[in-house]
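Structural description and commentary
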Amino acid sequence: MPYLKKSPWLIHYDGSSCNGCDIEVLACLTPVYDVERFGVVNTGNPKHADLFLLTGAINEQNAPVVRNIYEQMPDPKVVIAVGICATSGGIFRECYNILGGVDKVLPVDVYVSGCAARPEAIIDGVVKALSILEEKRAAMKAARRAARKAPAAAVEGRNP
Amino acid sequence: MILLNASEWTRVATGILYVLLAPLFGGLLAGVDRRITARMQGRKGPPILQPFYDVLKLLEKRRVSVNKLQNFFIVLFLVFLVFTGTLFFSGGDLLLFIFAFTLAAIFFISAAYAANSPYSSIGAERELLQMMAYEPMVLLTAVGFYMANGSFKVSDLVVAPRPAILLIPMIFLGFCYVLTFKFRKSPFDLSTSHHGHQEIVKGITTEFSGASLAWIEIAHWYESTFLIALIALFFVWSNPLSIALGIGVALLVYFLEILVDNTFARVKWQLAIRSAWIVAGVFGFLNLLALTLMRGGK
């Protein structure tokens, strides 16, 4: 059942953002946009999160941090790159320390454009991410069911 | 075949009803809580059923855990909280109720320690400090009920000749003070916080995900249901209509808890313990002293 869509909890990470997109992300939680109406909660904890929302480009220092957060999130999970810097590196792409957009280190599911990304655009991106999340959940469930039928193939689906 | 008389059957029935309906009540209470909190902050807030969506979502997620022990402790935490509430609703002994309640809390702390991460360890330590803070007042509450109506048994207290609030009003106020710890509301949400992006992330619940986190939520629903019932017990006497009065007052107290939650910042643990002990010492002790003197005068 699609309860994932009704209760998306997100974790927000600021890469090398100029804080423009971060302010817009937080604006979504304020009374004007109030995304908690849709059950969205800004958890600061990767183990509770379903959506990984990144702003800013990835640099040499935060690449392992971003990868670590992603690996701590339980499946199913989606990654949203918010703003042009998270999408491609933006105006910082030529910098000596910048690797590029988030997709250099993580599989990105949704790109939200803008500099800075508007709250409306971010909410649209989250809504798009939710249908991808639902697809991933269905795939996970199907894989689990298949594993139950053929126990020998279940090794990779098992909890560590 | 065990033979039970009518009143014993009623007690078994209320116990079973509690096990079945408490998650429903507790979940709705949490949903209303979130809505009222949002309104106080000038927001619209999530649907009333949001806590149920959250728990059902968590059950769909994969459970990531450091070891099997932490999940085992969480199951014990849930089982003992259900047991605690069942003791209360089946008219059991208030002292036994408090001991079972403490044991459940200890399992929760053990679970957080078992995960062995810095954030959950700090959360567990703070939870222990919180227990130190609220336990004296909770024990004095049970003693107060005994002094007021001559029994520790809930089944006797609900048919007492007069409501306990008339004799132990100060203990009621003191109990309301420490309830803020148990409802995990500011200013005493030291061990965990509703908003994770803070200094201890999610504190005691940081390392739990998926189904384990869902069990913790459900355990809290059971917990808040019997805490509401415990507040109501102050206002209940032999008149059956008084149960409605008690529940009404309990919900009002819960509303005030939400108000306090939204107006106060978290305090340091020193202030939390000191203030809770001062409240227990002044309100609890003075009330018991007054009761003893009244008894002596008769």
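Here we come to the overall build of chain A. Across its full length, chain A carries 4 helices and 7 strands. Overall, chain A shows an N-to-C arrangement of helices and strands of β-α-β-β-β-α-β-α-β-β-α. Taken against the 2.2 N^0.38 rule, which gives 15 Å for 160 residues, the C-alpha radius of gyration of chain A at 16 Å falls within 12% of a compact globule. Along the three orthogonal principal directions, the C-alpha set of chain A runs to about 50 × 40 × 20 Å. Every one of the 160 residues in chain A was classed for burial, and the buried ones make up 47%.

So, about the overall build of chain B. Counting its secondary structure elements, chain B contains 10 helices and 0 strands. For chain B, the N- to C-terminal ordering of α and β elements is α-α-α-α-α-α-α-α-α-α. Taking 19 Å as the expected radius of gyration for a compact globule of 298 residues, we find that chain B reaches 19 Å, a close match to that expectation. Seen through its C-alpha atoms, chain B measures out along the principal axes to roughly 60 × 50 × 40 Å. The buried share of chain B, taken over its 298 residues, is 49%. Residue pairs at least 24 apart in sequence account for 75% of intrachain contacts in chain B once pairs closer than 6 positions are excluded.

On to the sheet that holds strand β5 (residues 78–82) of chain A. Residue and element names in this part refer to chain A. The sheet built from 5 strands is open, its strands ordered β2-β1-β3-β5-β7 with parallel pairing. Where the open sheet ends on each side, the last strands, each with one partner, are β2 (41–42) and β7 (110–112). For β5 and β7, the ladder comprises 3 bridges, and the chain directions are parallel. Bridging from a neighbouring strand, Ile80 pairs with Val110 of β7. Against the sheet, helix α4 (residues 119–149) makes contact with β3 (51–55), β5 and β7, and its axis sits at roughly 160 degrees relative to β5, the strand it touches most.

A separate point is helix α5 (residues 118–149) of chain B. All names here are of chain B. Here α5 is 32 residues long and its end C-alpha atoms lie 46 Å apart, about the 46 Å a rise of 1.5 Å per residue gives. The sharpest bend along α5 comes to roughly 35 degrees, located at Tyr134, with the proline Pro136 sitting one to four residues further on. Immediately downstream of α5, the backbone of Gly150 shows phi near 75 degrees, a positive value.

All names here are of chain B. Take Ser186: it is sitting in the loop between α7 (169–182) and α8 (210–233). Looking at Ser186, the number of C-beta atoms within 10 Å reads 18, which means it is partly exposed. Through-space distance from the C-alpha of Ser186 to that of Arg266 is 5.3 Å; in sequence the pair is 80 residues apart. When near neighbours in sequence (up to four residues on either side) are disregarded, Ser186 contacts Asp261, Phe264, Ala265 and Arg266.

Let us now look at the interface of chain A and chain B. Opposite the 19 residues of chain A that make contact, chain B presents 27 residues. Residues that form the side of chain A that touches chain B fall into these classes: 4 nonpolar, 8 polar and 7 charged.

Attention shifts here to the packing of helix α1 (residues 6–40) of chain B against helix α3 (residues 68–89) of chain B. Residues and elements named next belong to chain B. One can describe the packing of α1 onto α3 by two numbers: an axis separation of 8 Å at closest approach and a directional angle of 140 degrees. Here α3 runs oblique to α1, going by the angle between their axes. Note that α1 runs across α3; the crossing there is right-handed. For the pair formed by α1 and α3, the contact residues are Thr14, Gly15, Tyr18, Val19 and Ala22 on the first element and Val82, Gly85, Thr86 and Phe89 on the second. For the contact of α1 with α3, a count of residues per class yields 5 nonpolar, 4 polar and no charged.

Parts of the prediction with low pLDDT should not have their coordinates interpreted in detail. When pLDDT is averaged along chain B, the result is 88, and 97% of the positions lie at 70 or above. If you check the scores for this complex, the pTM reads 0.89 and the ipTM reads 0.85.

Residue and element names in this part refer to chain A. Buried residues dominate β5, accounting for 5 of its 5 residues. Relative to β5, β3 is paired through 5 bridges, and the arrangement is parallel. Bridging from a neighbouring strand, Thr55 pairs with Val82 of β5.

Take the pairing of strand β1 (residues 9–14) of chain A next. Residue and element names in this part refer to chain A. Of all 6 residues making up β1, 5 are buried, and the element is well covered by its neighbours. Across 2 bridges, β1 lies against β2 in parallel orientation. Residue Leu10 lies in a different strand from β2, and its bridge partner there is Asn42. The pairing of β1 with β3 spans 5 bridges and is parallel. Considered in β3, the bridge of Ile11 is made with Phe52.

Turning our attention to the nonpolar core. Ranked by internal contacts, the top residues of the largest apolar core, which has 84 residues, are B:Phe77, B:Ala104, B:Phe108 and B:Met137. In terms of residue count, α8(B) provides more of this core than any other element does, 16 residues in total. Setting aside anything within four residues of it in sequence, one finds B:Phe108 in contact with B:Phe77, B:Glu127 and B:Ile204. Membership of the second largest hydrophobic core comes to 42 residues, among which are A:Leu54, A:Cys85, A:Ala86 and A:Val110.

Another aspect to go through is the environment of A:Arg137. Topologically, A:Arg137 is positioned in helix α4. The buried category is assigned to A:Arg137, around which 22 C-beta atoms lie within 10 Å. It is 8.6 Å that separates the C-alpha atoms of A:Arg137 and A:Lys77, two residues lying 60 residues apart in sequence. Those residues in contact with A:Arg137 that lie beyond four places of it in its chain are A:Leu4, A:Pro76 and B:Glu60.

Residues and elements named next belong to chain B. At a minimum axis distance of 9 Å, the contact between α5 and α7 shows a crossing angle of 145 degrees. In the packing of α5 onto α7, the handedness of the crossing is left-handed. Judged by residue contacts, Gln130, Ala133, Tyr134, Met137, Val138, Leu140, Thr141 and Gly144 of α5 engage Ile171, Gly174, Phe175, Val178, Phe181 and Lys182 from α7. Grouping the constituent residues of the contact of α5 with α7 by class yields 9 nonpolar, 4 polar and 1 charged.

Conventions adopted
Residues numbered from 1 in each chain as written. Chains lettered and ligands numbered in written order. Predicted model: local features only at pLDDT ≥ 70, side-chain atom pairs only at ≥ 80, totals over all residues. Helix = DSSP H or I, 4+ residues; strand = E, 2+ residues; numbered from the N terminus. Rg over C-alpha atoms; globule rule 2.2 N^0.38 Å. Buried ≥ 20, exposed ≤ 12 C-beta atoms within 10 Å, placed from the backbone. Contact = placed C-beta atoms within 7 Å. Pairing = 2+ DSSP bridges. Axes fitted to C-alpha atoms, helices over the stretch in contact; angles between N-to-C directions. Expected span 1.5 Å × (residues − 1). Bend = angle between axes of the 7 residues up to and from the residue. Nonpolar A, V, L, I, M, F, W, Y, C, P; charged D, E, K, R; others polar. Parallel < 35°, antiparallel > 145°, perpendicular 65-115°, else oblique. Left-handed = near helix turned anticlockwise from the far one by under 90°. pLDDT = per-residue confidence, 0-100. Core = buried A, V, L, I, M, F, W, Y, C linked by C-beta atoms within 7 Å.

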